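Residues per chain, in single letters:
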Amino acid sequence: MISRSYTNLLDLASGNFPTMGRERDRRRMPRVMTVPGSICELDDDQAHSVSSENPSSLAGDRMIVVANLLPLKAKRRPDNKGWSFNWNEDSLILRLKDGLPEDMEVIFVGSLCVVIDPIEQDDVSNYLLEKFRCVPAFLPPNIVEKYYEGFCKRHLWPLFHYMLPFSPDHGGRFDRSMWEAYVSANKLFSQKVVEVLNPEDDFVWIHDYHLMVLPTFLRRRFNRLRMGFFLHSPFPSSEIYRTLPVREEILKALLCADIIGFHTFDYARHFLSCCSRMLGLEYQSKRGYIGLEYYGRTVGIKIMPVGIHMGHIENMKKLAAKELKLKELNQQFEGKTVLLGVDDLDVFKGINLKLLAMEHMLKQHPKWERQAVLVQIASPTRGKGIDLKEIQAEILESCKRINKQFGKPGYEPVVYIDREISSSERMAYYSIAECVVVTAVRDGMNLIPYEYIACRQGMSGSEVDSDVDGPKKSMLVVSEFIGCSPSLSGAIRVNPWNVEATAEAMNEAISMAEPEKQLRHEKHYRYVSTHDVGYWARSFLQDMERTCIDHFRKRTYGIGLGFGFRVVSLDPNFRKLSIDDIESAYIKSKSRAIFLDYDGTMMPQNSIIKSPSAEVISILNRICADQNNAVFIVSGRGRDSLDKWFSPCRKLGLAAEHGYFLRWSQDKDWETCSQNSDFGWMHLAEPVMQSYTDSTDGSCIEKKESAIVWQYRDADPGFGFSQAKEMLDHLESVLANEPVAVKSGQFIVEVKPQAWGQQRFSCRKNLHVFGGESKNGRFCALHWR
C-alpha cells in the first residue's frame, strides 16, 4: 500500500520529509510566508510541521474516517479459501458520506470484526483498499483483548455511563496494562492513517471513545493537520470523570484535535468543566460558536446530535413488506395495542425498569388487560459487557411473573425476543407499534425513536403500502437520560427510575386522542427528516473547515513529551530570539535595564514559601554587580515584603504594587507615583469584598497600601469566577464616584487608584526588547546601547 504523501515510510518515521508534488503545485504561492530572523525550536523533541504549496479546496480534499470498526461485514467463503466482504448498511460511519461533497473521496480506517490470519493480511488489505477504499488495522490478539474488552468496555464505557468502579465486580479496578494496550492500539491506528494520509489536503475525522488518544499521535507528526473528533457516547460530569487515573492524558490528547463534537450540550458542558477544573482552561462563545484556547490554538466544540439515513429506512420498509413479516405481525397482534422496546442487552438500557412499569400500568389500569402488549426486543450486546447473566435472569424472571399474573388464553402481556433481528424485521415491528418506550438509564444518543418516527411516516395502521395516504401518528415515551431526548419535544419524557411515573406515561401515550398523536408525530418527523445523518456530517465538516481556516497562516511548534505534547500556534511574524542572540546583544550593550517579575518567574506561582531562595538572591547579586546593569523586580506585592525579602541585594531596584512605589536601590528612598493620599474609598470597597469572601470558600482579601485585591485562586473555579463577575459589577456601582479603577485579572478582582500602574523608563538610544519564557515563568529583558 503506497502512501500519497510519502514514498519511504522510513523517512517519515525518522522525521525526514521529502519534497513531493506535481509540477503545477510547486508553482503556486506558499501557504506560510517565511519571516527573516533567527528561529530556534521550543523543544528538542520537536514534531515536524508539514507545509503545503497549494491552497486547500474541497475539490482536492479527502476525508479519512477513523473508527474502531470498518463499516464492513466479513465472512469466510464456502470453500474456506479467502474472505468475502460487503458494506454494513446499518453502519452510521458508512452513511455519513451522504453529507460530504460528491467529489470528496472518503477513506475508512478501522479494524475488522473477524480475525484475519497474518498470511492473508496483505491480500485483504490490498483488496479492501481497492474495492472499498478501506484500510484495515490488524491488532495483535494480546492487544485486542486488553484494548477493547479491557480498557474500552471495562473502564471507559462504564465510567462514561456513570458507573464508578466501587468494587472489582462493578466497573473493575484500573489496570495499567489495559491502558498501555489502549495506547498501543491507538498508535497502530495512527500508523494506518499515516499510510494513506496527505497531511496538506486531507481531513481526518476520528470517532468515539475507542480512539481518544489517537489525535496525539497524528498531531505529533503533522502540526497543521485538519483533524476532528466526535464522541458517540455520553461524557460524564467532572465529579465522575476525575476518578479516571489517566484523566489528564485523555483530555490533553483530545485537545490535539481541531474540533471535538458531542451529541448534546450536557456532554459538551461536562467536557468543558473537566478542562476548566483539571487543566485550568476556559472557553469562550462567539457568534454561536464555542472555542477553547489551548496554547494559541482554538479548539472548536461542536454540539450536533447525529441523525438517521432516511433512504435506508425507506428501503428496509419496502423489504419488510416484501418479506411478508408485516402481514404476519398484523395477524399476530390483531386487536391489540402494542408498546415496543428495542434495546441492546446491557446494564444501562433499563429493560427491567420498563417491565416493572408495564406491570404497574396493568395493575393501575385494568382496562389494558387483554389489550396492551409490550414487545421487548433485546439484541445481544457487542462486547462481553458487565453483569449480563444477572441482567438476563432478572428480565426473564420479570417476564415470567407478569405473564403469569396477567396472562390469559390467547393473551400474553409481555413478548420477549432475545435474539438478533434484521433491520427489515425491526421496521415491521415499528409499523405495528402504537408507542415506542425507551427507558435507558444512560445512553449516548439512541436512534431507535428516530427510526420509529421515520417508519411510521410511511405506514398507516395495518397498511403495507408505504404510499397509502392517511393520518400518520407515533408516540414516544423516552428517558430523559438519552441523547435524543432534547430533540424530541413532543415525546413524553420520564425518569426511568420512577417506575410509577413511567407507567403513567405509557398509559397516557396509548390513551391520547388521535389528533394530538398526529400533531406530535408531524413535529417529530419534520425534525428527523431534516436533521438526518447527512446534515450532521455536512455541519461537522463545515465547522471543521471554519476552525482550521488559520492553520497555514500561523507558525506552529510542537512541544512536550508523551501526552504532555501540544502544538503552540503563534502569529506568522513571531520571532523567538535564540540564546546566542540574547547573549551577543547583552555583551555588546553598555547600559542595560533588566525587569524581572516575581511570582511565576523568581518564584513558582503556587509556592507555599513566598520568600526567594538563597540561589535566587545569589544570582540577582551577580547581575547587580555588573556596573552596566540596572535590575528591577516588578511585582504586585507590597513594599514591606519586597524590602524584607531582598534586603541582601543592595543594588537591586524594586517596583512594588505594580509600580505605585518605586525604589532604585536600597540606599534610596521609596518614591510614589501619585500625590493623592486619599484612600477613603477602601472603607467602601472592603465591606463588599468581605461579604463575597464570607460566601466563597477558598477566597481571601489582600489589602495593600495603594490597592485592595480579592483573590479566589483556591476557590471552586466555576463558583469563584461567577462570584468575581458579580463582585466586579457590585464594586463598579458602589465606587462609581470614586477616583479608582476596578479590574479583574487571573483569579483576582482589584481596586486601585486611577491613572497609575505603569512606570516610564526613558533613554536616549534605541531600546531593544527581548521577551520569552523562563523555566519557572515569564521574563522580559530590555537594554539600550
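Residues numbered from 1 in each chain as written. Predicted model: local features only at pLDDT ≥ 70, side-chain atom pairs only at ≥ 80, totals over all residues. Heavy atoms only, no water.

> I keep staring at the overall build of the protein and nothing clicks. Help me out?
A tally of regular secondary structure across the protein gives 24 helices and 30 strands. By the burial criterion, 52% of the 785 residues in the protein qualify as buried. Of the contacts made within the protein by residues no fewer than 6 positions apart, 70% connect residues no fewer than 24 positions apart. Working note: accessible area of the protein is about 37,400 Å², and carbon and sulfur atoms make up 49% of it. (Helix = DSSP H or I, 4+ residues; strand = E, 2+ residues; numbered from the N terminus. Buried < 20%, exposed > 50% of the residue type's maximum accessible area, 1.4 Å probe, protein only. Contact = heavy atoms within 4.5 Å. Areas by Shrake-Rupley, 256 points an atom, 1.4 Å probe, with all protein chains shown as cover.)

> Looking at this model, I keep getting lost on the sheet that holds strand β1 (residues 62-69). Mind explaining?
The pairing of strands in a sheet happens through backbone hydrogen bonds and is either parallel or antiparallel. Taken in spatial order, the 9 strands line up as β5-β4-β1-β6-β7-β8-β11-β10-β9 in an open sheet, and their pairing is mixed. On the outer flanks of this sheet lie β5 (134-136) and β9 (283-286), each paired with one strand and no other. Taking each pair of neighbouring strands and ignoring which way they run, the sheet shows an average axis angle of 25°. Strand direction decides the pairing type here: β1 and strand β4 (residues 105-111), joined by 6 bridges, are parallel. Following the sheet pairing, Val65 is matched in β4 by Phe108. (Pairing = 2+ DSSP bridges. Axes fitted to C-alpha atoms, helices over the stretch in contact; angles between N-to-C directions.)

> Please explain the pairing of strand β8 (residues 259-262) as it appears in this structure.
For a regular strand, side-chain orientation follows a simple rule: the groups alternate between the two sheet faces. Because side chains alternate across β8, one face comprises the buried residues Ile259 and Gly261, and the other comprises Ile260 and Phe262, equally buried. Note that strand β7 (residues 226-230) and β8 share 3 bridges and pair parallel. Counted as the bridge partner of Phe230 is Gly261 from β8. With 4 bridges joining them, β8 and strand β11 (residues 297-303) adopt parallel strand pairing. The residue bridging Gly261 from the neighbouring strand is Lys302, located in β11.

> What exactly am I supposed to notice about the pairing of strand β25 (residues 700-703) here?
Pairing geometry for β25 and strand β26 (residues 708-711), over 4 bridges, is antiparallel. Across the sheet, residue Cys700 finds its bridge partner in β26, namely Gln711. Remark: 4 residues form the turn of the hairpin made by β25 and β26, two consecutive strands paired antiparallel.

> Just to check I follow, could you spell out helix α16 (residues 448-458) for this structure?
Side chains that are three or four residues apart share a direction in an α-helix, a result of its 3.6 residues per turn. The buried fraction of α16 amounts to 10 of the 11 residues, a majority that puts the element mostly inside the structure. Among the residues of α16, those classed as buried are Ile448, Pro449, Tyr450, Glu451, Tyr452, Ile453, Ala454, Cys455, Arg456 and Gly458. Looking at the buried residues of α16, the elements they touch are α11 (310-322), β12 (337-344), α15 (423-432), β15 (435-438), β16 (475-479) and α18 (514-530).

> Got a minute to help me understand the side chain of Thr696 in this structure?
Locating Thr696 in the fold gives a position in the loop between α23 (682-695) and β25. Discounting chain neighbours no more than four positions away, the residues touching Thr696 are Trp710, Ala715, Phe719 and Gln723.

> Looking at this structure, how should I read helix α5 (residues 141-160)?
If you look at α5, its biggest bend is around 40°, right at Cys152. With 14 of 20 residues buried, α5 is to be regarded as a mostly interior element. Phi turns positive, to about 70°, at Tyr162, one or two residues after α5. (Bend = angle between axes of the 7 residues up to and from the residue.)

> How do you make sense of the sheet that holds strand β14 (residues 414-417) when you look at a structure like this?
Reading across the sheet, the 6 strands line up as β14-β13-β12-β15-β16-β17 and stay open at both edges, with parallel pairing between neighbours. Only two strands of the sheet have a single neighbouring strand rather than two, namely β14 and β17 (492-494). Strand-to-strand twist of the sheet, defined as the mean angle between neighbouring strand axes without regard to direction, takes the value 20°. With 4 bridges connecting them, strand β13 (residues 372-379) and β14 associate as parallel partners. Looking across to β14, one finds that Gln376 is bridged to Tyr416.

> Just to check I follow, could you spell out the environment of Asn86 for this structure?
Its place among the elements puts Asn86 in strand β3 (residues 83-87). Judged by relative accessible area, Asn86 falls into the partly exposed class, the value being 38%. Taking the C-alpha atoms as reference, Asn86 lies 8.6 Å from Phe132; in sequence the two are 46 residues apart. Ignoring anything within four residues of it in the chain, the contact list for Asn86 reads Pro71, Leu72, Lys73 and Phe132.

> When you look at the confidence of the model for the protein in this model, what are you seeing that I'm missing?
For any part of a model where pLDDT is low, the fine detail of the predicted coordinates should not be relied upon. Confidence along the protein averages 85 in pLDDT terms, with 85% of residues attaining 70 or more. Within the model, the stretch residues 460-468 combines pLDDT values under 50 with 13 contacts to residues more than four positions away or in other chains. Counting contacts from residues 757-785, a segment whose pLDDT is below 50, to residues more than four positions away or on other chains yields 65 contacts. (pLDDT = per-residue confidence, 0-100.)

> Please clarify how the packing of α11 against α15 should be interpreted in this entry.
Axes are the key here: two packed helices are described by the angle between their axes and the distance separating the axes. With their axes 8 Å apart at the nearest point, α11 and α15 run at an angle of 85° to one another. The angle between the axes of α11 and α15 places the two elements in the roughly perpendicular class. The residues of α15 that touch α11, namely those facing His312, Ile313, Met316, Lys317, Leu319 and Ala320, are Ser423, Ser424, Met427 and Ala428. Class assignment of the residues belonging to the contact of α11 with α15 gives a composition of 6 nonpolar, 3 polar and 1 charged. (Parallel < 35°, antiparallel > 145°, perpendicular 65-115°, else oblique. Nonpolar A, V, L, I, M, F, W, Y, C, P; charged D, E, K, R; others polar.)

> Mind showing me how you'd approach unusual backbone geometry here?
Glycine aside, residues mostly have negative phi, and peptide bonds are mostly found in the trans state. With a phi close to 70°, Arg370 is a non-glycine residue in the positive phi region. One can find Arg370 in the loop between α13 (351-364) and β13. Non-glycine residue Phe747 carries a positive phi angle of around 65°. With a relative accessible area of 27%, Phe747 lands in the partly exposed category.

> Explain the nonpolar core to me, please; I cannot follow it from the model alone.
Membership of the largest hydrophobic core comes to 181 residues, with the highest contact counts inside it found for Tyr147 and Phe271. Setting aside anything within four residues of it in sequence, one finds Tyr147 in contact with Asn68, Leu139, Cys152, Ala181, Tyr182, Ala185, Asn186, Phe189, His210 and Leu211. Among the nonpolar cores identified, the runner-up in size contains 20 residues, and Ile594, Met603, Ile633 and Phe661 belong to it. (Core = buried A, V, L, I, M, F, W, Y, C linked by side-chain atoms within 4.5 Å.)

> Just to check I follow, could you spell out the pattern of salt bridges for this structure?
Evaluated as defined, the whole model comprises 32 salt bridges. With a shortest N-O distance of 2.8 Å, Arg639 and Glu705 are connected by a salt bridge. Taken together, the residues span a long stretch of sequence, with Arg639 in helix α22 (residues 639-645) and Glu705 in the loop between β25 and β26 at a distance of 66 residues. Each of Lys325, Glu328, Arg419 and Glu425 takes part in salt bridges that share partners, so that together they form one network. (Salt bridge = Lys/Arg side-chain N within 4 Å of Asp/Glu carboxyl O.)

> What exactly am I supposed to notice about the packing of aromatic side chains here?
We describe a pair of aromatic rings using the distance from one ring centre to the other and the angle between the two ring planes. By the definition in use, this model includes 36 aromatic pairs. Their ring planes at 50° and their centres at 6.4 Å tell us that Phe160 and Tyr241 sit as a pair that is tilted. Of the two residues, Phe160 is situated in helix α5 and Tyr241 in helix α8 (residues 238-241); the sequence distance between them amounts to 81 residues. Phe160 sits in the buried class, given a relative accessible area of 1%. In this structure Tyr241 comes out as buried when scored by relative accessible area, which is 0%. Ring geometry for Tyr660 against Phe661: centres 4.9 Å apart, planes inclined by 80°, an arrangement best described as edge-to-face. Using a relative accessible area of 5% as the deciding quantity, one classes Phe661 as buried. Aromatic ring contacts, followed pair by pair, group Tyr147, Phe151, Phe174, Trp179, Tyr182, Phe189, Phe217 and Phe563 into a single cluster. The cationic tip of Lys153 hangs over the ring face of Trp157; the distance from NZ or CZ to the ring centre is 4.9 Å. (Phe/Tyr/Trp six-rings, centres within 6.5 Å; stacked < 30°, edge-to-face > 60°. Lys NZ or Arg CZ within 6 Å of the ring centre and 35° of its normal.)

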